[in-house]
Amino acid sequence: MTEGAGVRIATGDLPDDLTAAEAGMWQAFRNGSVYDLSSGDPAADDPHGGHPWGPERTVRARIVCWLLLDGPPALAGRVSSLKLVGVRITDVVDLAGGQVTPYVELTRCRFDQEIRLPEARFTTVRLVDCAVPRLEAARVHTEGDLHLPRSRFPGGVRLTDAQIGTDLLLNQAIVYRDRGGRSIAADGMTVGQDLQAEMLESHGELSLRGAQVGVSLSLRGAKLTNPHSRFALNAPQLTVERTLYLTPAGVGGPALSGTTPAHGTRIQRFECRGGVRLDDGRFGDAVDLERARFSFTDDQELSLRRVQTPELRFLGDKPQRGKVVLSGARVVNLVDRASSWPEAGNLHMGGFTYENLVPQGPFPLTRRLDWVAAATAEYAPEPYERLASVLRSAGEDEDAREVLLAKQRRRRETLPPAAKVWGYAQDWTVAYGYRPGRAAVWMAVLWAAGTLAFAHADHPPVSSGHPAWSPALFTLDLLLPVIDLGQTGQWQLRGGWQWLTTAMILAGWVLATTVAAGATRLLRRS
């Protein structure tokens, strides 16, 4: 027997300063069994409620630390573990730098003060539906899981540079901001498999800068709120080997993670009040924004700068304010909906590349052109050329030409007056070369009009060896600026007929020049 709780009990006897609740916990630890001090009254057992928990269900933090760091040996044939239910822990649980071998699972427990785990090493830790003032766990290392579902952290959670061997679970946790404004600070964290934070409530900045997730990161049904600073989700240089889910979750019933909720299931969407930064992120399968809701101020944004992912599912609600920035992002499949994109001036896509468009629902070409125009407050050819290239690769050559024609019309608005007039001429005649059939139509119209007009013209010959008068050949000779049909030099036309002849020659040159410019543009495939 010992007097204090700082000396190892080799025999496994109880220290003599333990309370009755602590003695029961001590024996349950040796036996590896669950130690349940719940009263059976759900209201009284709620760790987040206001019912006081007396000494009959209270243990000291130093006894918990003693058990975990240097506890008694397990009973024969048993594995020691700390499994507590409905227990109140007083003082600070400080395991900083410790090596904790026993399995730890605390359910519906109440902590009076924070838990400190910096640089501690665990196998598996589970804090389920617990009330914890703050979790300080920078550089913590677990070989297995770290589970914090349904727990509440009024002072925030710090997991900076933590290394989680398998899964990190934050499902339905409620976390408030710390003094630095962060709810969860997990910069540089590594998670071996899944990071699940479904239906998480985050009141502050959720920071995952430079974090790495071995499988998927799920924020299904989460509600992120940060009215105090710029970002509610701040995760630049985030790496997720598979998919980032900012999608709905099914409420009630069995777990629905990764599945489509059954018909009739109540759905809770992902909602974010505050900016989102995923700049330079790498995602192995997809970034999924199905039915996501974003509420921004004018200076906040959904920033996907330089993101790389095989698929971007941009299927959320249209943000009413703020910006969506895709500058420099690289996507293979862009799955989108016409109603999901913001208004003109709030979308930026400079350097955004995608290989395939997979629209969900109606997305006519006119709306797609509006989408491009919304991203280019000032004229930039790149978004138009990217869209045309993708349409051409999909076999939509006619649509691709329409996009390139829209590009030329947009460019025309930036030109000086003289060049703008020439642009209108190219547009009216051959649509900048993207509708070459127009040239034949204009030629036929001018030829027919000229033939009818010159059929009534007085046409004295220049010399006696003239050919027979043909209004059709004469008009054609005027309209073709390079080919000489031997008509224009054989007849003398006077008065208004000379002006008509000059107009026909000018029309022929304009038509030929615009056709040549259009042909050159088509040959360059731009």
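Cut-offs and rules
- Residues numbered from 1 in each chain as written.
- Predicted model: local features only at pLDDT ≥ 70, side-chain atom pairs only at ≥ 80, totals over all residues.
- Heavy atoms only, no water.
- Helix = DSSP H or I, 4+ residues; strand = E, 2+ residues; numbered from the N terminus.
- Buried < 20%, exposed > 50% of the residue type's maximum accessible area, 1.4 Å probe, protein only.
- Pairing = 2+ DSSP bridges.
- Phe/Tyr/Trp six-rings, centres within 6.5 Å; stacked < 30°, edge-to-face > 60°.
- Lys NZ or Arg CZ within 6 Å of the ring centre and 35° of its normal.
- 1 Å grid on protein atoms, 1.4 Å probe; cavity = no way out; pocket = protein on both sides within 12 Å on 5 of 7 lines; lining within 4 Å.
- Points joined across faces, edges and corners; volume = space filled by probe spheres on them.
- Nonpolar A, V, L, I, M, F, W, Y, C, P; charged D, E, K, R; others polar.
- Axes fitted to C-alpha atoms, helices over the stretch in contact; angles between N-to-C directions.
- Left-handed = near helix turned anticlockwise from the far one by under 90°.
- Contact = heavy atoms within 4.5 Å.

Chemist: Before we go on, may I ask you to explain unusual backbone geometry in this structure?
Modeler: The phi angle of most residues is negative, glycine excepted, and most peptide bonds adopt the trans form. At Glu119, a residue that is not glycine, the phi angle is positive and equals roughly 60°. With respect to the helices and strands, Glu119 occurs in the loop between β8 (115-116) and β9 (121-122). For Asp280, which is not a glycine, the phi torsion comes out positive at approximately 60°. By relative accessible area, which is 24% here, Asp280 ends up partly exposed.

Chemist: Whenever I open this one, the pairing of strand β40 (residues 330-336) confuses me. Can you help?
Modeler: Along any regular strand the residues' side chains alternate between the sheet's two faces. Strand direction decides the pairing type here: strand β38 (residues 308-314) and β40, joined by six bridges, are parallel. Directly across from Phe314, in β40, lies its bridge partner Asp336. Pairing geometry for β40 and strand β42 (residues 353-359), over six bridges, is parallel. Bridge assignment links Leu334 to a residue of β42, and that residue is Leu357.

Chemist: Teacher, can you tell me more about the packing of aromatic side chains here?
Modeler: Pairs of aromatic rings are described using the distance from one ring centre to the other and the angle between the two planes. Counting across every chain of the model gives seven aromatic pairs. Ring geometry for Phe352 against Tyr354: centres 5.2 Å apart, planes inclined by 40°, an arrangement best described as tilted. When sorted by exposure, Phe352 lands in the same class as Tyr354, which is buried. Through a chain of ring-to-ring contacts, three or more aromatic side chains come together here, namely Phe314, Trp341, Phe352, Tyr354 and Trp371. Over the ring of Trp53 we find Arg57; its NZ or CZ atom is 3.9 Å from the centre of that ring. Lying over the aromatic face of Trp371, Arg368 brings its terminal NZ or CZ to 4.8 Å of the ring centre.

Chemist: Before we go on, may I ask you to explain empty space enclosed by the protein in this structure?
Modeler: Over the atoms rolls a probe the size of a water molecule, and its path tells where empty space is left. Summed over the entire model, instances satisfying the criterion amount to three cavities of 30 Å³ or more. Put simply, the largest cavity is a space of about 120 Å³. Lining of the largest cavity is provided by 13 residues; of these, Leu68, Val93, Leu95, Val104 and Leu127 occupy positions nearest its centre. Taken together, the residues that form the lining of the largest cavity break down as 13 nonpolar, no polar and no charged. Here the second largest cavity is characterised by a volume of approximately 70 Å³. Partitioned by chemical class, the residues of the lining of the second largest cavity number 13 nonpolar, no polar and no charged.

Chemist: Would you mind going over the packing of helix α4 (residues 365-374) against helix α5 (residues 381-393) with me for this structure?
Modeler: Between α4 and α5, the shortest axis-to-axis distance is 9 Å and the interhelical angle comes to 145°. As α4 runs across α5, the sense of the crossing is right-handed. For the pair formed by α4 and α5, the contact residues are Leu365, Arg368, Val372 and Ala373 on the first element and Pro383, Tyr384, Leu387 and Leu391 on the second. For the contact of α4 with α5, the class distribution of residues is seven nonpolar, no polar and one charged.

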